[in-house]
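Structural characterization, general
Residue strings, one per chain:
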Amino acid sequence: MTELGRLGTDMKTKQWSAMIFPEGTRSADGVVRTFQSAGMAMLLKKCPEALIVPVAINNSWKMVSMVNFR
């Protein structure tokens, strides 16, 4: 949470964009994990003017599961 707070501050002062995975990480099997709202809440606390754009990438787990992917 400390790092997300720093990211939110940097987003505000440096006009950065950021992407977080609120389920924790990309899924290895395609099953979406429970949404964790604390990270989003921290970013919005530090940078309330941030625009939130939800994105879902379907089947990206297939690429992650490829053994020889480089």
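Residues numbered from 1 in each chain as written. Predicted model: local features only at pLDDT ≥ 70, side-chain atom pairs only at ≥ 80, totals over all residues. Heavy atoms only, no water.

1. Examining a nonpolar patch on the surface
Test applied: Each patch is built from residues that are more than 30% exposed by relative accessible area and take part in no salt bridge. Like charges join if they lie within 9 Å; nonpolar side chains (Val, Leu, Ile, Met, Phe, Trp, Tyr) join within 5 Å. The Shrake-Rupley method, run with a 1.4 Å probe, gives the accessible areas here. Residue values count only the displayed protein chains as cover. Salt bridges are defined as contacts in which a side-chain nitrogen from Lys or Arg sits within 4 Å of a carboxyl oxygen from Asp or Glu. Helical segments are the DSSP runs of H or I of at least four residues, strand segments are the runs of E of at least two, and each set is numbered from the N terminus.
A contiguous nonpolar surface patch, about 350 Å² in accessible area, is contributed by V53, V55 and I57. With respect to the secondary-structure elements, V55 resides in the loop between α2 (38-46) and α3 (60-64).

2. A look at the environment of I20
We apply this condition: Burial here depends on accessible area, computed with a 1.4 Å probe over protein chains only, as a share of the maximum for the residue type. Under 20% is buried, over 50% is exposed, and the range in between is partly exposed. In this analysis, two residues are considered to be in contact whenever any of their non-hydrogen atoms come within 4.5 Å of each other.
Note on placement: I20 falls in the loop between α1 (2-14) and α2. Look at I20 and you get partly exposed, because its relative accessible area is 26%. Separated by 23 residues in the primary sequence, I20 and L43 place their C-alpha atoms 9.9 Å from one another. Ignoring sequence-local partners within four residues, the contact set of I20 consists of L4, L7, G39, M40 and L43.

3. Observations regarding the pattern of salt bridges
Should the charged atoms of two oppositely charged side chains come close, the side chains can pair. The final tally for this structure, using the stated rule, is three salt bridges. In this structure, E3 engages R6 in a salt bridge whose closest nitrogen and oxygen atoms are separated by 2.4 Å. With E3 and R6 both in helix α1 and three residues apart, the pair spans about one turn of that helix. Between D10 and K14 there is a salt bridge, with its nearest N and O atoms 3.8 Å apart. Placement of both D10 and K14 in helix α1 is noted, with a separation of four residues, approximately one turn of the helix. Relative accessible area serves as the criterion here: at 48%, K14 is assigned to the partly exposed category.

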